[in-house]
Amino acid sequence: MSRTGEPTPIGVLISGTGSNLRALLSAIAENPAFGGHVVVVGSDRSDAPGLAAAASHGIATFAHEVSAFDTRQAWEQAMIADLKAYDPQVIVLAGFMRLVSGEFLANWPMRVVNTHPSLLPAFRGAHAIEDALAYGAQVTGCTVHFVDEELDHGPIIAQQAVAIDADDDVTSLRARIQAIEHELLPHCVSLLCRGELTIDGRIVRTGKDHA
Ligand code: GRF
């Protein structure tokens, strides 16, 4: 909860289907003690299907394509401005396929979280599921972590493993990882909104006792 005792306002950034966004919205709707609510959803793609899902919930949306700006910095400034118009205190990158800069992060220090479909630090980057299969890994999973300036690198909030079966392909493995993500991401966002995460270097601790 915010200092006022009200639910913490959350901004979400997406690039794609928005299944993690929908999972977050469902978790918030189902749990009165969640501690946060989504106030705005933004995207780097104006055709991201998740934007329509957000709008159907009455949530404000915006989209800025990088190609519409002269510089990446100008694009990011537009993203920051549209987020800040709704005063979110927590930012969730839910399938947002762009790096954010230190300038972006300075607006929400240790309040930006990302979900990644591998057990970090293995298989960073945009093709984590394909890479785990190609490597012959027998276990992968998902990671929810704080965002820092390095790709898929910040302090880990929670991870969960998923076994890779011999007959898995990208579609089947992605489906099992996403089923886990859809529980883990809302759980971690709720902890952050309720002030139940503390960070000591790379170590994230859970629970009010540490606050
Ligand atoms: C998720 O699997 C996430 O880990 C990755 O992109 C995917 C986004 O899926 N970064 P969706 O748009 O939430 O359905």
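Numbers given to residues run from 1 along each chain, matching the order in which its sequence is written. Given that this is a predicted model, residues contribute local features only at a pLDDT of at least 70 and side-chain atom pairs are listed and counted only at 80 or more, while totals for whole chains, interfaces and linings are drawn from all residues. Here the side-chain values reflect all heavy atoms present in the structure, with hydrogen atoms and water set aside.

The next point concerns the state of the cysteines. In this description, a disulfide is simply a cysteine sulfur pair whose atoms lie within 2.5 Å. Inspection of every chain in the model, using the stated rule, returns zero disulfides. A disulfide-free cysteine, C188 has its sulfur positioned 8.7 Å from the sulfur of C142, the nearest such atom. For the exposure calls, accessible area comes from a 1.4 Å probe over protein chains only, and a residue counts as buried if that area is under 20% of its type's maximum, exposed if over 50%, partly exposed in between. By relative accessible area, C188 is classed as buried at 2%.

The next subject is the sheet that holds strand β1 (residues 8-14). The strand order across the open sheet built from seven strands is β3-β2-β1-β4-β5-β6-β7, with neighbouring strands paired in mixed fashion. Of all the strands in the sheet, the pair left with one neighbour each is β3 (60-63) and β7 (156-163). Each neighbouring strand pair of the sheet contributes to a mean axis angle of 20°, computed without reference to strand direction. With four bridges connecting them, strand β5 (residues 112-116) and strand β6 (residues 139-146) associate as antiparallel partners. Of the residues in β6, the one forming a bridge with V113 is F146. Packing against the sheet, helix α1 (residues 19-30) makes contact with β1, β2 (36-43), β4 (90-93) and β5, and its axis sits at approximately 160° to β2. Against the sheet, helix α2 (residues 49-56) touches β1, β2 and β3, its axis set at about 160° to β3. Note on pairing: DSSP must find at least two bridges between two strands before they are called paired. Secondary structure elements are taken from DSSP: a helix is a run of H or I of four residues or more, a strand is a run of E of two residues or more, and numbering for both begins at the N terminus. Lines fitted to the C-alpha atoms define the axes, with helices restricted to the stretch that makes contact. Angles between their N-to-C directions range from 0 to 180 degrees. Pairs of residues are marked as contacts when any of their non-hydrogen atoms sit within 4.5 Å.

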